[in-house]
Amino acid sequence: MMTYYVLIGAIALVSWFVSNKLKSKFKYYSKVHLSNGMSGAEIAEKMLADHGIRDVKVVSTAGMLTDHYNPKNKTVNLSEGVYSQRNAASAAVAAHECGHAVQHAQAYEWLSLRSKLVPVVSITSGMSTWIVFGGLMLGAAAGVGFGYYVAIAGLVMMGFATLFSFITLPVEYDASNRALKWLKAKSIVTQEEYAGSEDSLKWAARTYLVAAIGSLATLVYWGLQVFGGRD
Ligand SMILES: [Zn+2]
């Protein structure tokens, strides 16, 4: 159990480090101004057009690092800064979100699978920990009876969330690859600006990787509680 707490502590530390690094990288590459002078919104519009996508809207959304693609209403949502600014970081994010729109248009299988899991995970993820905990309170540790089954039901719910966080990985890496490939092919950015865009996206992807590992560690922890990893 001790090893486990060290592991969880290490994951929390890495997670904190990666998200801070991401913020500072974005801040840094926000100063690398694009020589073609295009804003994130203009880059997004162009990437969609280049892929023959005409039914997706590019809109501005409040906040920072709130950028996302919404498959339900087919909108590329760019945070205010990314939408209006003209630098290596905003180019990277705008193109990445369009990468998701391209995945959607081409029915990329990992994205389809992820979308199917969204309704399940949105219901189960908030309560799974409480259900496992409740099951343990009801005496799951004895390995028999009602509490045991409640705890296992909670673990299954938690398992969906972990599965979801791992399915997110190919979706995110693929969107970044599509973005970088397009930025390079269409010479939207110079070589130096490209390096900045690439580095920004690399750190963004790492936050998803750390989140997935953290989710798996949490699942293992509660699994050990239920299946008798007590000491
Ligand atoms: Zn993404």
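Heads up: these notes are all about the structure in this document. In this text, all values refer to a predicted model and were calculated from it rather than measured experimentally.

Let us look at the packing of aromatic side chains. In this structure the tally under the stated criterion is ten aromatic pairs. Taking the centre distance of 6.0 Å and the plane angle of 75° together, the rings of Y4 and Y5 count as edge-to-face. Accessibility expressed as a relative area gives 44% for Y5, which makes it partly exposed. An aromatic cluster of at least three residues, connected via ring pairs, comprises Y4, Y5, W130, F133, Y221 and W222. Against the face of W203 rests R206, its NZ or CZ located 4.4 Å from the ring centre.

Looking at the zinc ion, the protein donor atoms are H96 (NE2), H100 (NE2) and E172 (OE), and they sit 2.0 Å from it. Mapped onto the sequence, the donors of the zinc ion take the spacing H-x3-H-x71-E. In this pair, H96 sits in helix α4 (residues 88–105) while E172 sits in helix α7 (residues 145–185), placing the two residues 76 residues apart along the sequence.

Turning next to the packing of helix α1 (residues 2–29) against helix α8 (residues 191–226). Contact geometry of α1 with α8 gives a least axis separation of 9 Å together with a crossing angle of 160°. As judged from the angle between their axes, α1 and α8 are roughly antiparallel. Handedness of the α1/α8 crossing: left-handed. Residue classes in the contact of α1 with α8 are distributed as 16 nonpolar, seven polar and four charged.

How each quantity is defined
- Residues numbered from 1 in each chain as written.
- Predicted model: local features only at pLDDT ≥ 70, side-chain atom pairs only at ≥ 80, totals over all residues.
- Heavy atoms only, no water.
- Phe/Tyr/Trp six-rings, centres within 6.5 Å; stacked < 30°, edge-to-face > 60°.
- Buried < 20%, exposed > 50% of the residue type's maximum accessible area, 1.4 Å probe, protein only.
- Lys NZ or Arg CZ within 6 Å of the ring centre and 35° of its normal.
- Donors = N, O, S within 2.8 Å, 3.2 Å for Na, K, Ca; no water.
- Helix = DSSP H or I, 4+ residues; strand = E, 2+ residues; numbered from the N terminus.
- Axes fitted to C-alpha atoms, helices over the stretch in contact; angles between N-to-C directions.
- Parallel < 35°, antiparallel > 145°, perpendicular 65-115°, else oblique.
- Left-handed = near helix turned anticlockwise from the far one by under 90°.
- Nonpolar A, V, L, I, M, F, W, Y, C, P; charged D, E, K, R; others polar.

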